[in-house]
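Working through the structure, step by step
Here is how the chains run, residue by residue.
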Amino acid sequence: MAYLDSLPSFSGWDEMFTYEGVRERYTRVFDMLRGLPVEVLNQKDRQAADFFMNQGITFTVYADNKGIERIFPFDIIPRIITGIEWQHISDGIKQRLKALNLFLNDIYGEQNIIKDGIIPAKLIATCPHFLKEVVGIKVPHNIYIHISGIDLIRGADGVFYVLEDNLRTPSGVSYMLENREVTKRIFPEMLANNKVRMVNSYPLELNNILAALSPREVEQPNVVLLTPGTYNSAYYEHTFLARQMGIALVEGRDLVVDNHKVYMKTTLGLQQVDVVYRRIDDEYIDPLVFNPKSVLGVPGIMSAYRKGNVALVNAVGNGVADDKAVYAFVPDMIKYYLNEDPILPNVPTFRMEDEDQREHVLANLETMVVKETNQSGGYGMIMGNKATEEQLELARTSILENPRNYIAQPIIQLSTVPCLIDGKLSSRHVDLRPYALCGPNGIEIVPGGLTRVALSEGSLVVNSSQGGGSKDTWVID
Amino acid sequence: MSMLSRIADNLFWLHRYMERADGLILTVRNTYILSFDIDLYGTQGYKPLLQAYTIANDALIHDLEKDVPRLLQYVICDGTKTNSMKSLIGKARENARGSQDKITKELWEQVNSMYHYLQHEDMDSRLVEPYALGSLDFLQQQSLLYNGIVDSTMPRGIGWSFMNIGKYIERCLQTVNLTDCYFGAIEYRMDGPEDLLYWRRLLLSLSGYELYLKNNRGNAHSRQILAQVITNKDFPRSVLYSLLRMEKYLEDVTNDNPLREVVALQKQFGRLRSLVEYTDVSMLNDATLDELLQSIRKQTWDFSAALSKVFFSYT
């Protein structure tokens, strides 16, 4: 077919091709694609877009005082990971989460990791997400991180690196699940022929974990999902998960705290709530304890949490463990708490508080990506090789003014996967966010995750807020 | 079974707005088709539609009647007008979004696809011939499809009951309002000379024309029509039918409900139902008909407000 006459060019690691040809894992997909005219692929592309639009899996862009609904771009060519690679990824994430959870128990408890000189006290003290208000609170089963999304990238050497940890309210899991649903519709045969591992057990596993955290020993604990509301960009995901788990989707105004217990307002009066899967950041969850201007949260919910009358998922205060400056110490945590070497390496990270590291970065700024330590979603990030002179100068000044607020990493050439762009296959850079669930019975990771794609040619920024899209992610044996 | 008050509120308004949209498109389409016949019989043209479903004043009604493409645009796709079809579906969708975990996927997708259809940038040009009638047909079919989807996919339970209370409050008000427009224009004369061509528009706007033809003979149309639209228990858009459905769903949401206010609400509803059920159409005259229609409307509004206060007070 014309669109496959010349294979997409790439440098670094491509998930589908080597310089010699098609990787074995992709042979069936490639053969099938080769048998389809480009018009059919374009039609499948439109079919996928309609699927997302009709289901309301959209976000709103405001321009000229009008709200225009857009879908998050979806590329129809799947990203494939082998079972062996997945085992490695899965082992690495489990190891990392164990260490991070032990770190949170420690940092809100004895703080031995500081006393033993592994992590500087100042680093924690200056972290805006370290919350004194939760020190000493006993969390159920000692689990802080129930739900996480660890971002991985694959470098030109073919090695998976951890790019960042998302341990607060990671989003995107509904896209992982819906991407698979749309693939079932557009490539049913291709999916069946490749024996792809199932992902749709995620909501059931999450529901079991949430129910297991109930402080009340009742047959059917009242579990709710707390959303900021319909204007939140992840609102679709909140409704999706609530529906898939059969739990109530509540807003802050639906809940009330009385005598250190949380209740929801129903047509039959007040009913006690046992577990809150909250998709609201720590800062907004309780205006009596954190941001007093918050209208999204529930006044008094922290008092119920402190008394152990309600479980909050994820636990409050996890932000200290996914701070981008603390990230640099995760390999040390793994060594300290588990006495193991990290299975998944970090991307080399320079802490701007360290004078030597800072000087090195400032001298090589155009080869670095500079990130604000307390930002996410691709905000507050400067790619040295793409930035203008003014942007680089601003980054330099900002780093010198507040070094704790920044880290820098060498720019890593993310691996690529071919995408259908304007009727042709073109290589685009991707990352991978597997979703892990941690409950009293251990850690479960759904095989796959969300592959995010930087849709602009050559771009390394995959965040949806910055124009990224996504792909279905297959783990095959 | 209980339900979040906010969700009950969302479901109530979702179905109420969709019922209003359904009545609107039914009336628009029928009036549009009838408008192709030159009006020799003083049938009031688009006036009842605009009076019952919009807030247009007399001057605007006068202007719109002379400019049908603009009129269609006004009632269907003018997003700045609160009662246009586009606004109604937009508000229904907002309520559906707020209760998305309690409605079925099929229902959500139907409301969502109607929303996107009306939001389309070409919508204005779809309301000009040769496309206008096709567009009105399409919208009416989508509205019927919505009702079918609701009926065949939504689980019965407390949410279903609140949805239907909203729907039948709306239906009751629509029937009263449209009836009032037609009777008001002839000063509530019960035994006037108006022939069936005058009343046909009202009946078609309520899907009751064929039923009327089957059940009635003679020329006493005004009284017979009033009996059908107010007290006929078998006519699904009659006021009494709507109230009897409301009564059933009200029982469902008040049964075993420990809230103290429900007893007062039940009594309030009982008074409204009795007013309609025990009306003797043969005894009505031009003064008492006007009064009856005003009373039904006022008591339905009051009941709706009281229901909100008892069940939806969550802020």
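Residues numbered from 1 in each chain as written. Chains lettered and ligands numbered in written order. Predicted model: local features only at pLDDT ≥ 70, side-chain atom pairs only at ≥ 80, totals over all residues.

**Side note on the overall build of chain A**
The following threshold applies: Where helices and strands are cited, they refer to DSSP runs of H or I of at least four residues and of E of at least two residues respectively, numbered from the N terminus. For this measure, only C-alpha atoms enter the radius of gyration; the expected value for a globule follows 2.2 Å times N^0.38, where N is the number of residues. Neighbour counting defines burial: a residue surrounded by 20 or more other C-beta atoms within 10 Å of its own C-beta is buried, one with 12 or fewer is exposed, and intermediate counts give partly exposed, using backbone-placed C-beta atoms. Residues are scored as being in contact if the C-beta atoms we place from backbone atoms lie within 7 Å.
Within chain A one finds 15 helices and 22 strands. In terms of C-alpha radius of gyration, chain A reaches 23 Å, essentially the compact-globule figure of 23 Å for 477 residues. Projected onto its principal axes, the C-alpha coordinates of chain A cover approximately 70 × 60 × 50 Å. Classification of the 477 residues of chain A by burial places 48% in the buried group. In chain A, once contacts between residues fewer than 6 apart in sequence are set aside, the share between residues at least 24 apart is 69%.

**Remarks on the overall build of chain B**
Regarding its fold elements, chain B presents 15 helices and zero strands. Its C-alpha radius of gyration of 20 Å places chain B within 12% of the 20 Å reference for a compact globule of 315 residues. Its C-alpha atoms put chain B at 60 × 50 × 35 Å along the principal axes. The 315 residues of chain B split such that 47% are buried.

**As for the sheet that holds strand β9 (residues 261–266) of chain A**
Residues and elements named next belong to chain A. This is how the line gets drawn: Two strands pair if DSSP finds at least two bridges between them. Only the stretch in contact is used when fitting a helix axis, every axis being a line fitted to C-alpha atoms; angles between N-to-C directions are given from 0 to 180 degrees.
The antiparallel open sheet is built from three strands, whose spatial order is β8-β9-β10. The open sheet is flanked by β8 (255–258) and β10 (269–272), the only strands paired with a single partner. Sheet twist, expressed as the average angle between the axes of neighbouring strands with direction ignored, equals 40°.

**Structural notes on the pairing of strand β16 (residues 406–410) of chain A**
Residue and element names in this part refer to chain A. Most of β16 sits inside the fold, with four of its five residues counted as buried. Judged from the five bridges that link them, strand β14 (residues 368–372) and β16 form a sheet pairing that is antiparallel. Of the residues in β16, the one forming a bridge with V370 is A408.

**Description of the packing of helix α6 (residues 105–119) of chain B against helix α8 (residues 132–153) of chain B**
Residues and elements named next belong to chain B. Definition in use: An angle below 35 degrees is read as roughly parallel, one above 145 as roughly antiparallel, one from 65 to 115 as roughly perpendicular, and any other as oblique. Crossing handedness follows the turn of the near helix against the far one: under a right angle anticlockwise gives a left-handed crossing, and clockwise gives a right-handed one. Residues are sorted three ways: Asp, Glu, Lys and Arg are charged, Ala, Val, Leu, Ile, Met, Phe, Trp, Tyr, Cys and Pro are nonpolar, and all the rest, Gly among them, are polar.
With their axes 9 Å apart at the nearest point, α6 and α8 run at an angle of 165° to one another. With respect to each other, α6 and α8 are oriented roughly antiparallel. The way α6 lies across α8 gives a crossing that is left-handed. Across from E106, L107, Q110, V111 and M114 in α6, the residues of α8 making contact are Q142, L145, Y146, I149, V150 and T153. Each residue belonging to the contact of α6 with α8 can be placed in one class, and the counts come to seven nonpolar, three polar and one charged.

**Here we look at the sheet that holds β16 of chain A**
Taken together, the four strands give an open sheet; going across it, the order is β13-β16-β14-β15 (chain A), and neighbouring strands pair in antiparallel fashion. Only two strands of the sheet have a single neighbouring strand rather than two, namely β13 (350–351) and β15 (381–383) of chain A.

**Considering the nonpolar core**
Selection criterion: Put simply, a nonpolar core is buried Ala, Val, Leu, Ile, Met, Phe, Trp, Tyr and Cys residues tied into one set by C-beta atoms within 7 Å.
Grouped together as the largest cluster of nonpolar side chains are 228 residues, with contacts concentrated most on L100, V224 and V276 of chain A together with M85 of chain B. Every residue in contact with M85 of chain B, bar those within four places of it in the chain, is listed here: A21, L24, I25, V75, I76, C77, L118 and L139 of chain B.

**Section: the environment of A321 of chain A**
All names here are of chain A. Structurally, A321 can be placed in the loop between β12 (311–313) and α12 (324–327). Here A321 falls in the buried class, since 27 other C-beta atoms lie within 10 Å of it. When the C-alpha positions of A321 and C127 are compared, they lie 9.6 Å apart, and in sequence the two are 194 residues distant.

**As for the packing of helix α1 (residues 5–34) of chain B against helix α10 (residues 196–205) of chain B**
Residue and element names in this part refer to chain B. Direction vectors running N to C along α1 and α10 enclose 145°, while the axes themselves pass 8 Å from each other. When you trace α1 past α10, the crossing you get is right-handed. Side by side, α1 and α10 meet where L26, T27, N30, T31 and L34 of the first sit next to R201, L204 and S205 of the second. Classifying every residue of the contact of α1 with α10 gives three nonpolar, four polar and one charged.

**Some words on the pairing of β8 of chain A**
Residues and elements named next belong to chain A. Burial of the side chains of β8 is restricted to one face: L255 and V257 are buried, whereas none of V256 and D258 on the reverse face is. In terms of strand pairing, β8 meets β9 through four bridges, oriented antiparallel. Note that in β9 the partner of V256 across the bridge is Y263. Hairpin connection between β8 and β9: a loop of two residues separates the two successive antiparallel strands, and N259 in this loop has a positive phi of roughly 50°.

**Describing the confidence of the model for chain B**
To keep it simple, the criterion reads: Looking at any residue, its pLDDT shows the predictor's confidence there, from 0 to 100.
Averaged over every residue, the pLDDT of chain B is 92; residues scoring 70 or more account for 98%. Scored by ipTM, the complex comes to 0.72, with pTM at 0.83.

**Focus on unusual backbone geometry**
Across the chain, the bulk of peptide bonds are trans and the bulk of non-glycine residues have phi less than zero. A cis amide bond links V313 of chain A to the next residue, N314 of chain A, at an omega of -10°. When you line up the elements, N314 of chain A lands in the loop between β12 and α12. Here the residue pair E129 of chain B and P130 of chain B is connected by a cis peptide bond, since its omega of 15° sits within 30 degrees of zero. As for its placement among the helices and strands, P130 of chain B is situated in the loop between α7 (123–126) and α8. Residues other than glycine seldom take positive phi values, yet K195 of chain A does so here, at roughly 50°. Residue placement: K195 of chain A occurs in the loop between α7 (188–193) and α8 (202–212).

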